[in-house]
Amino acid sequence: MDTTRFHGIYPILYAFFEPDGRPMREPIQAQVDAAVRHGAHGVAVLGLATETNKLDTRERRQLLDWTAEATAGRLPLAVTVAEPSVGGQAAFVRAAKEVGADWVILQPPAVSGLTESELLRFFGAVADSTDLPVAIQNAAQFLGVGLSNAGLRTLNRQHPNVCLLKGEAPAHVIERLVADTEGAYRVFNGRGGMELPEVLRAGCIGMIPAPECFDVQVSIYELMREELPEADTEAERLYRDILPLIVFMMSSIDTFICYGKRIVARRLGLGTVFDRAPCQRPTEFGLLMSERLAASLGPL
């Protein structure tokens with residue numbers, strides 16, 4: 001299965017809400033348009049940044065449809081699938097394919113105590129239901145369950161369309177994963193773009209960050225592809241510029257949803273952000289921090 005066109009920076013879209021909690025369409029269009037405008041290599045939706053755990057299936061499908069319509073084939077579209085059952089995930093994968101998704105990212109079911117063999121069967125059954133390229137979100141520290149490197153290799157051998165990976169790990173851990181899985185996976189990392197230059201050196205083919213500073217991350221990625229000393233130096237300089245923002249965002253998932261969404265709204269001129277409970281509420285100091293960190297980024 002040829003997945004070489006999937007690479008680079010894929011901002012994963014935030015969900016914005018009306019005061020009464022209903023998802024809003026306009027910010028989805030605005031984020032996708034910004035991704036196109038600033039040279040993103042794709043977009044992703046319905047992951048942790050999209051607060052998929054707070055959406056029912058109907059709302060997830062609504063956001064999927066809006067994103068596909070906004071993207072309109074201008075960029076590859078990756079869709080995270082978080083339904084709690086094999087049947088539910090298979091159905092959502094079909095829905096994603098119907099609206100034009102290019103690949104899907106499977107999250108493990110939110111069930112404690114799953115053995116690795118049970119998780120392999122779960123992912124394998126969903127993968128067998130589609131001919132789309134399939135990625136696994138392997139993020140035990142965020143999702144509470146994950147696969148070992150050996151388990152990932154087994155999954156690819158048994159189900160070859162499972163050939164992409166959304167990792168959430170430091171660069172040295174990613175390097176070992178790439179080596180242990182023997183090139184079976186094209187690996188994207190997450191963590192808000194943390195260690196971007198290093199994870200590319202470790203073997204990642206891209207990043208799936210939230211959108212706060214994805215435009216700078218696109219520039220870093222393109223510079224790193226040049227494989228020239230002066231380009232590496234400039235990439236490192238750009239990375240140092242955005243590192244304080246990334247560190248703040250990645251202090252917790254709740255923090256990046258609370259403040260990252262507000263930074264994106266500021267850069268896109270979207271106006272007031274309304275949180276969907278349960279959620280972390282912003283503090284005055286936190287808002288001042290995010291304002292300072294975003295001040296140098298300019299509009300998207």
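A brief report on the enclosed structure follows. Model, not experiment: these values are computed from the prediction.

**Quick look at the environment of G88**
Part 1: Turning to its location among the elements, G88 is positioned in helix α3 (residues 86-98).
Part 2: Along the sequence, G88 and T57 sit 31 residues apart, while their C-alpha atoms lie 9.2 Å from each other.

**Some remarks on the sheet that holds strand β5 (residues 134-138)**
Part 1: With parallel pairing, the 8 strands of this open sheet are ordered in space as β1-β8-β7-β6-β5-β4-β3-β2. Only two strands of the sheet have a single partner each, and these edge strands are β1 (8-9) and β2 (43-45).
Part 2: Where β1 meets strand β8 (residues 206-207), 2 bridges bridge the pair, whose relative direction is parallel. Each bridged residue has a counterpart across the sheet, and for G8 the counterpart in β8 is G206.

**Describing the pairing of β5**
Part 1: In terms of burial, β5 is largely enclosed, as 5 of its 5 residues are buried.
Part 2: Alternating positions in β5 separate into two faces, V134, I136 and N138 on one and A135 and Q137 on the other, with burial throughout.
Part 3: Bridge analysis of strand β4 (residues 103-106) against β5 gives 3 bridges, and the strand direction is parallel. Paired with I105 across the strands is A135, a residue of β5.
Part 4: The β-α-β motif built from β4, the intervening helix α4 (residues 116-127) and the parallel element β5 has right-handed crossover chirality.
Part 5: Looking at chain direction, β5 and strand β6 (residues 162-167) are connected through 5 bridges and run parallel. Following the sheet pairing, I136 is matched in β6 by L165.

**Re the nonpolar core**
Part 1: V79, W103, L106 and I220 are the most contacted members of the largest nonpolar core, which has 105 residues in total.
Part 2: Looking at this core element by element, the count peaks at 9 residues for helix α10 (residues 229-249).
Part 3: Leaving out residues up to four positions away in the same chain, W103 has contacts with F6, Y10, L77, A78, V79, P133, A135, L164, F188 and I208.

**Some remarks on the packing of aromatic side chains**
Part 1: Tallied over the full model, the rule gives 8 aromatic pairs.
Part 2: Ring geometry for Y10 and W103: centres 5.6 Å apart, planes at 65°, overall edge-to-face. A residue pair is termed long-range when its members are at least 10 positions apart, and Y10 in the loop between β1 and α1 (26-37) and W103 in strand β4 qualify at 93 residues.
Part 3: For Y10, a relative accessible area of 0% gives the class buried.
Part 4: Judged by its relative accessible area of 0%, W103 is buried.
Part 5: For the ring pair F248 and Y259, a centre distance of 5.3 Å and an interplane angle of 40° mean the geometry is tilted. Placement of F248 in helix α10 and of Y259 in helix α11 (residues 253-268) is noted, with a sequence separation of 11 residues between them.
Part 6: Y259 sits in the buried class, given a relative accessible area of 4%.
Part 7: Above the ring of F16, the side-chain terminus of K261 is found at 5.7 Å from the ring centroid.

**So, the pattern of salt bridges**
Part 1: Within the structure shown, the criterion is met by 24 salt bridges.
Part 2: Salt bridges linked by common partners bring E198, R201, D232 and E236 together as one network.

Thresholds applied
- Residues numbered from 1 in each chain as written.
- Predicted model: local features only at pLDDT ≥ 70, side-chain atom pairs only at ≥ 80, totals over all residues.
- Heavy atoms only, no water.
- Helix = DSSP H or I, 4+ residues; strand = E, 2+ residues; numbered from the N terminus.
- Pairing = 2+ DSSP bridges.
- Buried < 20%, exposed > 50% of the residue type's maximum accessible area, 1.4 Å probe, protein only.
- Right-handed = clockwise from strand over helix to strand, strands pointing away.
- Core = buried A, V, L, I, M, F, W, Y, C linked by side-chain atoms within 4.5 Å.
- Contact = heavy atoms within 4.5 Å.
- Phe/Tyr/Trp six-rings, centres within 6.5 Å; stacked < 30°, edge-to-face > 60°.
- Lys NZ or Arg CZ within 6 Å of the ring centre and 35° of its normal.
- Salt bridge = Lys/Arg side-chain N within 4 Å of Asp/Glu carboxyl O.

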